[in-house]
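# Structure assessment
Spelled out from the first residue to the last, the chains are:
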Number of protein chains: 2
Amino acid sequence: MEIKTIRHSLSHILAATVQEFFPGVKFGIGPAIENGFYYDFDLSEKITPADLPKIEKKIKKLLKQNIKFKKKIVTKEEAKKIFKGQPYKLELIKEVPGKKATIYESGKFTDLCKGPHIKSTKEINPDAFKLTKIAGAYWKGDEKNPMLTRIYGVAFKTKKELDKYLKLQEEAEKRDHRILGKKLELFLFDEEVGAGLPIWLPKGAVLRHTIENYLYEELTAQNYKWLYTPHIGNLKLWKKSGHWNFYRENMYSPIQIDEEKYLLKPMNCPFHVKVYDSKIRSYKDLPIKYAELGTVYRYEKSGVLHGLIRVRGFTQDDAHIICAPDQISQEVNNLIKQGLRMLKTFGFKDYIIYLSTKPEKYAGTDKSWKKATDTLKYVLKENKLEYQIDPGGGVFYGPKIDIKIKDSLGREWQCTTIQFDFNLPERFNMAYIDKRGKKKEPYMIHRALLGSIERFIGVLLEHYAGSLPLWLSPVQIWVIPISTRHKKYAEQVKKELSFLRAEIKDENETVSKKIRGGEIQKIPYMLVVGDKEMKTKSVRVRERKKGDVGMIKLDKFTKRVKMELETKK
Amino acid sequence: MEIKTIRHSLSHILAATVQEFFPGVKFGIGPAIENGFYYDFDLSEKITPADLPKIEKKIKKLLKQNIKFKKKIVTKEEAKKIFKGQPYKLELIKEVPGKKATIYESGKFTDLCKGPHIKSTKEINPDAFKLTKIAGAYWKGDEKNPMLTRIYGVAFKTKKELDKYLKLQEEAEKRDHRILGKKLELFLFDEEVGAGLPIWLPKGAVLRHTIENYLYEELTAQNYKWLYTPHIGNLKLWKKSGHWNFYRENMYSPIQIDEEKYLLKPMNCPFHVKVYDSKIRSYKDLPIKYAELGTVYRYEKSGVLHGLIRVRGFTQDDAHIICAPDQISQEVNNLIKQGLRMLKTFGFKDYIIYLSTKPEKYAGTDKSWKKATDTLKYVLKENKLEYQIDPGGGVFYGPKIDIKIKDSLGREWQCTTIQFDFNLPERFNMAYIDKRGKKKEPYMIHRALLGSIERFIGVLLEHYAGSLPLWLSPVQIWVIPISTRHKKYAEQVKKELSFLRAEIKDENETVSKKIRGGEIQKIPYMLVVGDKEMKTKSVRVRERKKGDVGMIKLDKFTKRVKMELETKK
């Protein structure tokens with residue numbers, strides 16, 4: 001039996017159980033979802049998480065009763081009678097096409113449902129499911145409708161799978177970047193500022209600046225040229241680029257300036273194209289690589305916003321490579337290598353690569369699509385990289401490669417994207433003069449390696465559970481003088497380590513309290529200094545995770561952290 | 001006689017002259033302005049700059065005729081008769097308060113004018129004025145009104161003053177940052193992107209990044225904490241901060257997101273306050289210094305936009321210092337010293353300081369205003385800095401110090417501003433816990449040292465006529481191999497100078513042509529390398545402005561530019 005069917009059937013048993021406890025309940029819908037199921041109820045009484053074990057126990061009892069699932073096809077008129085007093089079901093019956101409706105009976109509970117279902121509750125392992133939470137949910141997801149009570153559950157075939165899942169959830173919760181973000185004082189969201197608009201607190205800003213600086217130096221060394229472009233652009237630009245037609249639902253409403261309309265930019269591309277077009281370009285100038293840390297604004301429904309992972313304004317590590325046809329394989333090769341190398345630098349070694357091909361509607365010629373797609377495949381093969389094909393999954397303007405990284409819990413996160421664009425070069429008449437003096441259209445590749453800096457930091461925090469590598473840690477060292485007479489030496493140690501972000505903790509607190517504080521703050525190294533350390537020019541090192549690793553000569557420690565910084569370990 | 005009166009009277013003579021050439025002309029207004037005057041005309045014929053000498057000649061002739069200015073007070077009814085057929089004047093008559101109007105007669109020309117004027121044209125030096133340009137100007141500055149023809153003139157008491165002014169203008173034109181920006185490929189404006197929205201080209205982005213990096217390092221070393229905040233904020237925030245009431249005319253129209261309204265930020269302040277308010281603060285935490293390179297968007301009429309100097313989106317080197325009352329004099333002292341030191345680093349040694357005091361309407365208490373104003377005065381005095389008082393010129397939320405720099409042409413530019421704010425701490429209930437455990441309101445100081453990065457770069461370009469100091473030059477070195485066999489050595493030289501932004505110019509062009517190109521691009525050093533240089537590990541140095549300064553050993557040259565970089569000379 002498919003696990004999805006088991007999950008779906010469990011949602012019916014959940015509904016049956018709730019009905020036993022609350023006879024007057026009105027039913028919404030109850031589908032299977034990823035890892036489990038839910039059911040929506042309209043209840044006159046308030047129900048709390050404390051009620052869940054009781055309901056769970058009852059479900060287990062029912063499961064053991066070998067209840068059968070019976071499918072029946074009835075006329076809509078009959079269905080209306082059966083669901084008398086169930087307004088949501090009656091509403092759904094109206095929406096069923098045709099004259100008949102399918103219902104499923106399981107014990108005393110009947111549901112309007114297309115199925116499929118299991119034959120009997122025997123097929124459900126009563127030890128492999130769990131009710132997990134209660135949430136409010138608008139009927140049909142529309143906030144104008146009544147708010148229903150949604151009970152969520154997870155379900156698997158075996159208890160082992162369930163336990164593994166629950167453990168992963170527990171682990172994931174501990175790593176929740178939203179909680180870490182608060183605890184480590186990295187960023188905040190504020191209702192008066194607006195949902196999905198992160199404010200970077202000082203420590204978070206250090207982290208972000210460190211990443212941006214790394215990108216700046218890496219890309220400058222690789223001959224990328226940096227741009228800064230505005231956050232708004234005239235409607236004329238977005239009409240010409242096609243965003244107004246093809247991307248409007250992701251864009252915010254226009255701003256009126258004098259007689260013109262302006263839009264917050266959802267992408268940086270048209271600005272980069274404008275820079276390219278500002279001069280006549282020769283084949284000798286190519287490839288041209290424009291990079292920008294460009295903050296873009298895209299509409300997301302408030303319900304899907306999630307910490308830094310899903311926001312309404314974010315900063316892309318964006319670049320556009322504009323090149324001649326004979327340069328694309330070299331450029332794509334560079335990009336893939338660069339992407340994987342950078343992700344590795346941040347500690348992500350596992351990834352999955354997807355190649356998305358031509359969709360039904362597309363810009364550009366078949367020939368260009370074939371050449372670009374073949375190039376992507378060729379480069380992946382040359383680099384001996386395994387990949388999955390997503391047929392027809394390319395965006396309308398060109399084929400693409402996506403790299404999803406796997407974090408320490410095995411979860412996948414979309415980061416790098418390398419996309420051909422056959423749309424903008426045509427719309428903006430991009431051109432270069434080839435060797436024979438002829439005007440030609442260049443290839444353009446969009447690419448983002450980390451994707452969104454905000455999102456990437458969210459992923460980083462969850463991957464490391466907040467214990468960021470030394471080079472990324474906002475505060476890298478705490479120097480803790482044992483008493484006031486060691487303060488001067490602590491200053492000396494700090495000065496010696498001035499290439500690091502070091503702080504002296506000389507508050508009037510016990511050393512052990514400071515150490516506990518430093519552990520919560522995930523400080524990579526705490527250096528305790530007292531008489532002995534002072535005398536021998538040493539530091540007593542507490543390493544994050546390892547704890548006290550003993551006394552080390554200051555110059556030796558300095559060398560060691562310098563190395564650690566340089567290798568970004 | 002005041003020069004302003006002379007200028008104003010000249011505008012009447014200009015009008016009289018235009019009337020002689022174009023008898024049907026309708027008159028707008030003709031005031032004195034800085035350095036000169038203008039007059040607006042509604043003309044049926046087109047008039048071009050080529051017509052100006054003719055008009056000028058005629059004016060000179062009139063001036064020598066010893067024309068008298070006669071003041072008359074007439075009833076409005078009489079005035080209406082006098083200005084029959086002059087619709088703009090008739091409109092103005094309606095707006096004159098009371099029943100009477102003042103007119104001035106000078107020869108055949110009569111104007112509705114409050115005066116004062118000179119007694120006779122004898123008082124005007126006919127060799128000390130010049131008509132300078134023609135421009136379109138809407139009647140009353142409103143684009144819904146007819147477009148009039150405005151003729152501008154400049155006038156002084158002596159020919160010497162006029163000549164000096166014209167020479168300065170000529171020099172200023174050569175230094176126009178808009179022209180330099182194009183020539184040096186630093187930035188561009190694009191009609192489809194929108195007026196007043198600069199796009200930074202690669203070389204301009206290097207310049208901007210260099211300045212931003214300098215600020216980042218300077219302020220980090222001084223214990224400033226960096227923030228990144230969004231470019232939009234909910235209307236609720238702007239209502240609470242008071243911007244919606246007091247600053248709305250500078251803000252753009254709202255963006256609708258779901259049920260809420262958002263606004264592009266015209267300032268960063270409310271976000272910084274939110275960060276401060278996110279935690280309970282103790283007197284031990286103060287002063288807290290938040291810095292941000294925050295890009296803000298403020299409405300400017302399209303007519304006043306001017307290159308990078310006046311734009312619609314710009315990046316403030318913004319900071320807020322939040323401190324206890326007993327810390328303000330120390331903090332203001334730091335700020336003034338820091339401001340002057342930074343401006344000096346960029347090459348500005350001359351400045352004028354203004355202190356603006358309490359206006360009629362103000363937030364905060366008289367006591368706070370007095371304390372803050374006294375502190376500003378005290379610190380200026382302590383630093384032996386001369387200043388001018390602008391009585392009542394403070395913004396409503398607090399007194400301020402402004403520093404205007406003088407550029408190489410003696411022109412003044414507003415840069416540093418240090419402003420107390422008594423408004424936001426109150427509106428946002430900012431607080432700290434003092435030594436005795438009591439909740440207190442802190443002092444908040446807004447400050448920007450360079451002001452706007454965009455504007456400052458505009459000023460820098462004009463100050464240096466594009467020849468930026470080495471550390472700011474987007475491209476610092478050109479290495480020019482004499483022939484292909486010197487290319488390898490050129491590479492070696494470039495590598496040796498890898499701490500600089502160096503380029504090898506190995507295009508198929510003559511050395512002298514390359515040098516000419518480098519001069520236009522204002523490259524600080526061009527290093528020509530041939531056989532002799534290769535053999536002796538030297539470079540032939542062409543210094544910007546000085547030209548060829550001879551052959552120098554490479555290691556010696558390296559040391560020298562390293563020193564130049566470090567001292568930011």
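Above this text you will find the structure in question.
Residues numbered from 1 in each chain as written. Chains lettered and ligands numbered in written order. Predicted model: local features only at pLDDT ≥ 70, side-chain atom pairs only at ≥ 80, totals over all residues. Heavy atoms only, no water.

## Remarks on the relation of the copies chain A and chain B
Two chain copies here: they are related by a rotation about an axis and a translation along the same axis. Selection criterion: All copies are superposed by least squares; the fitting set is the C-alpha atoms of residues with a pLDDT of at least 70 in both. Contacts: residue pairs with any heavy atoms within 4.5 Å of one another.
Note on the identical chains: chain A maps onto chain B by a rotation of 179 degrees and an axial translation of 0.0 Å, with an RMSD of 0.8 Å. Both copies of the chain, as the preceding transformation shows, are related through a two-fold rotation axis. Nearest to the rotation axis, the C-alpha of Ile255 of chain A is located 3.4 Å from it, this being the minimum over chain A. Here 100% of the contact residues of chain A are again contact residues in chain B; the copies associate through an equivalent surface.

## Quick look at the pairing of strand β8 (residues 147-155) of chain B
Residue and element names in this part refer to chain B. For clarity, the cut-off: Under the scheme applied here, a residue whose accessible area is under 20% of the maximum for its type counts as buried, over 50% as exposed, and between as partly exposed, the area being computed with a 1.4 Å probe on protein chains only. Secondary structure elements follow DSSP: runs of H or I of four or more residues count as helices, runs of E of two or more count as strands, with numbering from the N terminus. At least two DSSP bridges between two strands are required for those strands to pair.
Counting buried positions along β8 yields eight of nine residues, so the element is predominantly enclosed. Looking at chain direction, strand β3 (residues 36-42) and β8 are connected through six bridges and run antiparallel. Bridging across to β8, Phe37 finds its partner in Gly153. One ladder, built from nine bridges, connects strand β7 (residues 129-138) with β8; its direction is antiparallel. From the neighbouring strand, Lys130 faces β8, where its bridge partner is Val154.

## Quick notes on the sheet that holds strand β6 (residues 109-112) of chain A
Residue and element names in this part refer to chain A. Worth spelling out the cut-off: Convention adopted: a line fitted to C-alpha atoms gives each axis, helices being fitted over their contacting stretch, and angles between N-to-C directions are expressed from 0 to 180 degrees.
Read from one edge to the other, the open sheet built from three strands follows the order β4-β5-β6, with strand pairing classed as antiparallel. The open sheet has two edge strands, β4 (69-75) and β6, and neither has a second partner. Going across the sheet, the axis of each strand differs from the next one's by a mean of 25 degrees, ignoring polarity. Here β4 runs beside strand β5 (residues 100-106); their pairing, made up of seven bridges, is antiparallel. Bridging across to β5, Ile73 finds its partner in Thr102. Set on the sheet, helix α1 (residues 3-21) makes contact with β4, β5 and β6; between it and β6 the angle comes to about 125 degrees.

## Here's the deal with the interface of chain A and chain B
Here is the rule we go by: Computed with a 1.4 Å rolling probe, the buried area is the accessible surface lost when two parts are put together, summed over both parts. Put simply, a salt bridge is a Lys or Arg side-chain nitrogen that is within 4 Å of an Asp or Glu carboxyl oxygen. We call two N or O atoms a polar contact when they sit within 3.5 Å, provided that within protein one can donate a hydrogen and the other can accept it, with sequence-adjacent residues counted only if both atoms are side-chain atoms. In this classification, the charged set is Asp, Glu, Lys and Arg, the nonpolar set is Ala, Val, Leu, Ile, Met, Phe, Trp, Tyr, Cys and Pro, and all remaining amino acids, among them Gly, are polar.
Of the residues lining the interface, 56 residues belong to chain A; the matching set on chain B comes to 56 residues. When chain A packs against chain B, the two sides together hide about 4700 Å² of surface, and 58% of this comes from carbon and sulfur. In this structure, the connection of chain A to chain B is made through 12 salt bridges. A salt bridge links Glu192 of chain A to Lys274 of chain B; the nearest nitrogen and oxygen atoms lie 2.5 Å apart. Applying the counting rule to chain A against chain B returns 27 residue pairs in polar contact (both at pLDDT 80 or more). For the side of chain A that touches chain B, the element with the highest residue contribution is helix α7 (residues 202-221) of chain A, accounting for seven residues. By residue class, the composition of the side of chain A that touches chain B is 30 nonpolar, 11 polar and 15 charged.

## A few points about helix α14 (residues 453-463) of chain A
All names here are of chain A. Burial runs high along α14: 10 of the 11 residues are buried. When we look at burial in α14, the residues that qualify are Ile453, Glu454, Phe456, Ile457, Gly458, Val459, Leu460, Leu461, Glu462 and His463. You can read the cap of α14 off the contacts: a side-chain oxygen lies 3.3 Å from the backbone nitrogen of Glu454, and it is on Ser452. A positive backbone phi angle near 50 degrees is found at Ala465, which sits one or two residues after α14.

## Digging into the packing of aromatic side chains
Rule in force here: Here is the rule: rings of Phe, Tyr and Trp (six-membered ring for Trp) pair when centre to centre is within 6.5 Å. Planes less than 30 degrees apart are stacked, more than 60 are edge-to-face, and the remainder are tilted.
Summed over the entire model, instances satisfying the criterion amount to 54 aromatic pairs over all chains. Taken together, a centroid distance of 4.9 Å and an interplanar angle of 55 degrees make the contact between Tyr88 of chain A and Trp139 of chain A tilted. Taken together, the residues span a long stretch of sequence, with Tyr88 of chain A in helix α4 (residues 87-95) and Trp139 of chain A in the loop between β7 (129-138) and β8 (147-155) at a distance of 51 residues. Neither Tyr88 of chain A nor Trp139 of chain A differs from the other in exposure class; each is buried. Taken together, a centroid distance of 5.2 Å and an interplanar angle of 20 degrees make the contact between Tyr39 of chain B and Phe41 of chain B stacked. Each member of the pair, Tyr39 of chain B together with Phe41 of chain B, is buried. Put simply, the rings of Tyr214, Phe346, Phe348, Phe456 and Trp471 of chain A pair up and form one aromatic cluster.

## Structural notes on the nonpolar core
Heads up, the rule is: The criterion is simple. A nonpolar core is a set of buried Ala, Val, Leu, Ile, Met, Phe, Trp, Tyr and Cys residues joined through side-chain atoms within 4.5 Å.
Ranked by internal contacts, the top residues of the largest apolar core, which has 160 residues, are Ile211, Phe346 and Phe557 of chain A together with Ile211, Phe346 and Phe557 of chain B. Residues in contact with Phe346 of chain B, not counting those within four places in the same chain, are Ile211, Tyr214, Leu450, Phe456, Leu460, Tyr464, Trp471 and Leu472 of chain B. If you look at the next biggest cluster of nonpolar residues, it comprises 72 residues, including Leu235 and Tyr262 of chain A together with Leu188 and Leu201 of chain B.

## A word on the pattern of salt bridges
Under the defined criterion, the tally for this structure stands at 76 salt bridges over all chains. When the shortest N-O distance is used, the salt bridge between Glu171 of chain A and Arg175 of chain A registers 2.9 Å. A cluster of three or more residues bridged by salt bridges with shared partners is formed by Asp190 and Glu192 of chain A together with Lys240 and Lys274 of chain B.

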